[in-house]
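Fold and contact review
The primary structure of each chain is shown beneath.
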Amino acid sequence: MEIWINPACSKCRGAVRLLDAEGADYTVRRYLEDVPSPDEIRAVLGRLGLEPWDITRTQEADAKELGLREWPREAGARERWITALAAHPKLIQRPIITAEDGTAVVARTDEAVRDAMGR
């Protein structure tokens, strides 16, 4: 199991605390420093069963600067979104946990973290 975190994020810190409390075996990826490639983002999206716009933090300054709210949310624009997430990793929703069964969750709640641990 791997968790993508931003250490400055309270949801990320809470998820890590819960994983530690439960004795989970996991690795941490500080995705702002170890930026995921477009291929890695595509893989995580596949595991999540989501589209890039579903995991984009549209309130971030970078998102506003890029005008992401105006971008189409359709298959033809998917690569544009993925490229933006790779170029601006701060836009990626966090934390994301990749589970042992090949799925992933956006683990913003304790329930989502426990769900990932149970997979």
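Note that the structure is a prediction, hence the values are computed from the model and not measured.

Definitions and limits used
Residues numbered from 1 in each chain as written. Predicted model: local features only at pLDDT ≥ 70, side-chain atom pairs only at ≥ 80, totals over all residues. Heavy atoms only, no water. Pairing = 2+ DSSP bridges. Helix = DSSP H or I, 4+ residues; strand = E, 2+ residues; numbered from the N terminus. Axes fitted to C-alpha atoms, helices over the stretch in contact; angles between N-to-C directions. Contact = heavy atoms within 4.5 Å. Buried < 20%, exposed > 50% of the residue type's maximum accessible area, 1.4 Å probe, protein only. Arc of directions from axis to C-beta. Polar contact = N/O pair within 3.5 Å; in protein donor to acceptor, adjacent residues only side chain to side chain. Phe/Tyr/Trp six-rings, centres within 6.5 Å; stacked < 30°, edge-to-face > 60°. Lys NZ or Arg CZ within 6 Å of the ring centre and 35° of its normal. Parallel < 35°, antiparallel > 145°, perpendicular 65-115°, else oblique. Left-handed = near helix turned anticlockwise from the far one by under 90°. Nonpolar A, V, L, I, M, F, W, Y, C, P; charged D, E, K, R; others polar.

A look at the sheet that holds strand E2 (residues 27-30)
Strands sit in the order E2-E1-E3-E4 across an open sheet of four strands; the sheet is mixed. Edge positions in the sheet fall to E2 and strand E4 (104-106), since each has one partner strand and no second. Each neighbouring strand pair of the sheet contributes to a mean axis angle of 20°, computed without reference to strand direction. Bridge count between strand E1 (residues 2-5) and strand E3 (residues 96-98): three bridges; the pairing is antiparallel. Across the sheet, residue isoleucine 3 finds its bridge partner in E3, namely isoleucine 97. Together, E3 and E4 form the strand contacts of helix H5 (residues 110-117), whose direction differs from that of E4 by roughly 170°.

Details of H5
All buried positions along H5 are accounted for by Ala112, Val113 and Ala116. Viewed along the axis of H5, the buried residues span an arc of 100°, placing them on a single side of the element. Check the buried side of H5 and you find it contacts helix H1 (10-21), E3 and E4.

A few points about the side chain of arginine 57
Checked against the element boundaries, arginine 57 lands in the loop between helix H2 (38-48) and helix H3 (61-66). Judged by its relative accessible area of 19%, arginine 57 falls in the buried class. Looking at arginine 57, its side chain comes within polar contact range of the side chain of glutamate 60, at 3.0 Å.

Considerations on the packing of aromatic side chains
How two aromatic rings sit relative to each other is given by the distance of their centres and the angle of their planes. Under the definition given, this model contains three aromatic pairs. An angle of 80° between the planes, with centres 5.5 Å apart, marks the rings of tryptophan 71 and tryptophan 81 as edge-to-face. With tryptophan 71 in the loop between H3 and helix H4 (78-87) and tryptophan 81 in helix H4, the pair connects residues that are ten residues apart, well separated along the chain. Three or more aromatic residues link up through ring pairs in this structure, and these residues are Trp53, Trp71 and Trp81. Looking at arginine 80, its charged tip hangs above the ring of tryptophan 71, at a distance of 3.8 Å from the centre.

Structural notes on the packing of H1 against H5
Look at H1 against H5: their axes get within 10 Å of each other, and the N-to-C directions meet at 45°. Taken together, the axes of H1 and H5 are oblique relative to one another. Once H1 is placed against H5, the crossing between them reads as right-handed. Where H1 approaches H5, its residues Ala15, Leu18 and Leu19 are matched on the opposing element by Asp110, Val113, Arg114 and Met117. Class assignment of the residues belonging to the contact of H1 with H5 gives a composition of five nonpolar, no polar and two charged.

These figures capture arrangement, not role.
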